[in-house]
Number of protein chains: 2
Amino acid sequence: MYEKKIPLRLDCGLHLFKELLNGKWKLMLIYYISAGLKRPGELQRKIGTADRRVLTNQLNELVKHGFVDKKVFDTKIPKVEYGLTTLGQSLLPIILALETWGENNRTVLEKALQEQVQDNP
Amino acid sequence: MYEKKIPLRLDCGLHLFKELLNGKWKLMLIYYISAGLKRPGELQRKIGTADRRVLTNQLNELVKHGFVDKKVFDTKIPKVEYGLTTLGQSLLPIILALETWGENNRTVLEKALQEQVQDNP
DNA sequence: CAGTATAGTGATTAATTTATGCGTACTTGA
DNA sequence: TCAAGTACGCATAAATTAATCACTATACTG
């Protein structure tokens, strides 16, 4: 795995959050797991555009960091189920707040993102 | 500026938030501006480890995207003041929630981050 | 048996973000 | 006049994250 060269900033809660949950799909994965999608395949189909291996990596990190737990069933056909730990569940209010904020401001935010594009024709 | 090659995901509020506010110091800048630090120099001294140019870039993006406004005073000595727009203010509850979450779980989170280090001796 | 589904990995490349080197320009105070 | 403070910016290097290539292995289904 990748070894960081720049020392982490742990001095405030914002950075703790960022260091652990910055991954592109992490919050979405936690959200979908909370919504009942437990199997890797389900999550992959749900998210669609994200590659299987990217999701696997992010899930592994979520497990390693204690947000998600993983049950591997010793069946002939591989079977895996993810679930949220208490720590993972503690993120749900924040995830919902972020999601709500984004949807409430969607019009303005999409316009803001277009600025970027227009700056680079 | 950098031009993205992978199309943005705008399908959910989480990604809208992420695309616009993923920058390493953005939320912290918004927080400090809300706390009354308006001048670039003040913000730079407050954050310390972050380079001047990095903060300037992030502030410029926050302005461009409508979270922060910038007043340039036409005085002999350059003077600039930042302030939050309504959109920027709408983030404050979320920022406080993130900060609180991080501090409430600091012990566990720091241990989780050490996992990373121990995996790479 | 061929096709599809389950789940996964190691190595590599591409994309993106952050940091830095080297400048500008003006003013105040010692 | 020189140091320090105000503020900004382009171009490039470095660091980090995401995406992809090329694979393994087993088991259903038809």
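Residue indices begin from 1 for each chain and proceed along its sequence in written order. Chains and ligands are labelled by the order in which they are written, letters from A for the one and numbers from 1 for the other. With the structure being a predicted model, the display of local features is reserved for residues of pLDDT at least 70 and the display and counting of side-chain atom pairs for 80 or more, all residues being used for whole-chain, interface and lining totals. Excluded from the side-chain calculation are hydrogens and water; included are all heavy atoms of the structure.

## Digging into the interface of chain B and chain A
Item 1. Pairs of residues are marked as contacts when any of their non-hydrogen atoms sit within 4.5 Å. Counting residues at the interface gives 50 residues for chain B and 50 residues for chain A.
Item 2. Buried surface at the junction of chain B and chain A, both sides included, amounts to about 4700 Å², of which 67% is carbon and sulfur.
Item 3. Salt bridge, as used here, is a side-chain nitrogen of Lys or Arg placed within 4 Å of a carboxyl oxygen of Asp or Glu. Linking chain B with chain A are zero salt bridges.
Item 4. Any pair of nitrogen or oxygen atoms within 3.5 Å is treated as a polar contact; in protein, a donor-acceptor pairing is required on top of that, and neighbouring residues in sequence qualify only through side-chain atoms on both sides. In this assembly, chain B and chain A are joined by 16 residue pairs in polar contact (both at pLDDT 80 or more). The term buried area refers to how much accessible surface (probe radius 1.4 Å) is lost by two components on association, counted for both of them together.

## Concerning the protein's contact with DNA strand D
Item 1. A single heavy atom is enough: if one lies within 4 Å of a molecule or strand, its residue is considered near that molecule or strand. Residues in contact with DNA strand D amount to 24 residues; listed here are only the nearest, Tyr 2, Lys 5, Lys 24 and Arg 53 of chain A together with Arg 52 of chain B.
Item 2. Per the 4 Å cut-off to the protein, sugar and phosphate atoms form 64% of the nearby atoms of DNA strand D.
Item 3. Between DNA strand D and the protein, one listed contact pairs a phosphate oxygen with a backbone N or O atom of Gly 41 of chain B at 3.2 Å.
Item 4. For DNA strand D, a phosphate oxygen lies 2.9 Å from a polar atom in the side chain of Lys 70 of chain B.
Item 5. Looking at the surface near DNA strand D, the elements with two or more residues in it are helix 4 (52-64) of chain A together with helix 3 (40-47) and helix 4 (52-64) of chain B.
Item 6. Each residue gets one of three labels, nonpolar for Ala, Val, Leu, Ile, Met, Phe, Trp, Tyr, Cys and Pro, charged for Asp, Glu, Lys and Arg, and polar for the others, Gly among them. Of the residues contributing to the surface near DNA strand D, the split by class is nine nonpolar, four polar and eleven charged. Under the scheme used here, helices are H or I runs from DSSP no shorter than 4 residues and strands are E runs no shorter than 2 residues, and both carry numbers assigned from the N terminus.

## With respect to the environment of Cys 12 of chain B
Item 1. Within the secondary structure layout, Cys 12 of chain B lies in the segment before helix 1 (13-21).
Item 2. Judged by its relative accessible area of 10%, Cys 12 of chain B falls in the buried class.
Item 3. Beyond its immediate stretch of four places on either side in the chain, Cys 12 of chain B contacts Met 28, Glu 99, Glu 103 and Arg 106 of chain A. The cut-offs for exposure are 20% and 50% of the maximum accessible area for each residue type, with area from a 1.4 Å probe on protein chains only; residues under the lower value are buried, those over the upper are exposed, and the others partly exposed.

## Considerations on the packing of helix 1 (residues 13-21) of chain A against helix 2 (residues 26-34) of chain A
All names here are of chain A.
Item 1. In contact at an axis separation of 9 Å, helix 1 and helix 2 are set at 80° when each is read in the N-to-C sense. One element, helix 1, and the other, helix 2, form an angle in the roughly perpendicular class. Contacts between helix 1 and helix 2 involve Phe 17, Leu 20 and Leu 21 from the former and Lys 26, Leu 27 and Ile 30 from the latter. Simply put, an axis is a line fit to the C-alpha atoms, just over the touching stretch for a helix, and the angle between two N-to-C directions goes from 0 to 180 degrees. Roughly parallel here means an angle under 35 degrees, roughly antiparallel means over 145, roughly perpendicular means 65 to 115, and every remaining angle is called oblique.

## Some details on the relation of the copies chain B and chain A
Item 1. For the match of chain B to chain A, the screw axis carries a shift of 0.0 Å, the RMSD comes to 0.1 Å, and the turn is 180°. Taken together, the rotation angle and the small translation identify this as a two-fold axis. Taking the C-alpha atom as reference, chain B places Ile 94 of chain B closest to the rotation axis, 3.6 Å from it.
Item 2. A shared interface surface links the copies, since 100% of the contact residues of chain B are contact residues in chain A too. Here the copies are matched by least squares. The fit uses the C-alpha atoms of residues with pLDDT of at least 70 in both.

## Looking at the nonpolar core
Item 1. Within the largest apolar cluster, 68 residues are counted, with the highest numbers of intra-cluster contacts made by Leu 21 and Phe 67 of chain A together with Leu 21 and Phe 67 of chain B.
Item 2. For Phe 67 of chain A, the contacting residues outside a window of four places in its chain are Leu 20, Leu 21, Ile 30, Leu 62, Gly 83, Leu 84, Thr 85, Leu 87, Gly 88 and Leu 91 of chain A together with Trp 101 and Leu 109 of chain B. Residues enter a nonpolar core if they are buried and are Ala, Val, Leu, Ile, Met, Phe, Trp, Tyr or Cys, with the set joined through side-chain atoms within 4.5 Å.

## Quick notes on the protein's contact with DNA strand C
Item 1. With respect to spatial proximity, 28 residues lie near DNA strand C, and among them Arg 52 and Lys 70 of chain A together with Tyr 2, Lys 5 and Arg 53 of chain B are the closest.
Item 2. Per the 4 Å cut-off to the protein, sugar and phosphate atoms form 64% of the nearby atoms of DNA strand C.
Item 3. In this structure, Gln 58 of chain B approaches DNA strand C through a side-chain N or O atom, which is 3.3 Å from a phosphate oxygen.
Item 4. Of all the secondary structure elements, the ones that give two or more residues to the surface near DNA strand C are helix 3 (40-47), helix 4 and strand 2 (79-84) of chain A together with helix 4 of chain B.
Item 5. Taken together, the residues of the surface near DNA strand C break down into eleven nonpolar, five polar and twelve charged.

## Side note on the pattern of salt bridges
Item 1. In the structure shown here, the tally under the stated rule is 14 salt bridges over all chains.
Item 2. Arg 106 of chain A is the partner of Glu 110 of chain A in a salt bridge, and the nearest nitrogen-oxygen pair spans 2.8 Å. Taken together, the positions of Glu 110 of chain A and Arg 106 of chain A, both in helix 7 (residues 106-119) and four residues apart, correspond to about one turn of that helix.
Item 3. We note a salt bridge from Glu 81 of chain B to Lys 79 of chain B, for which the minimum N-O separation is 4.0 Å.

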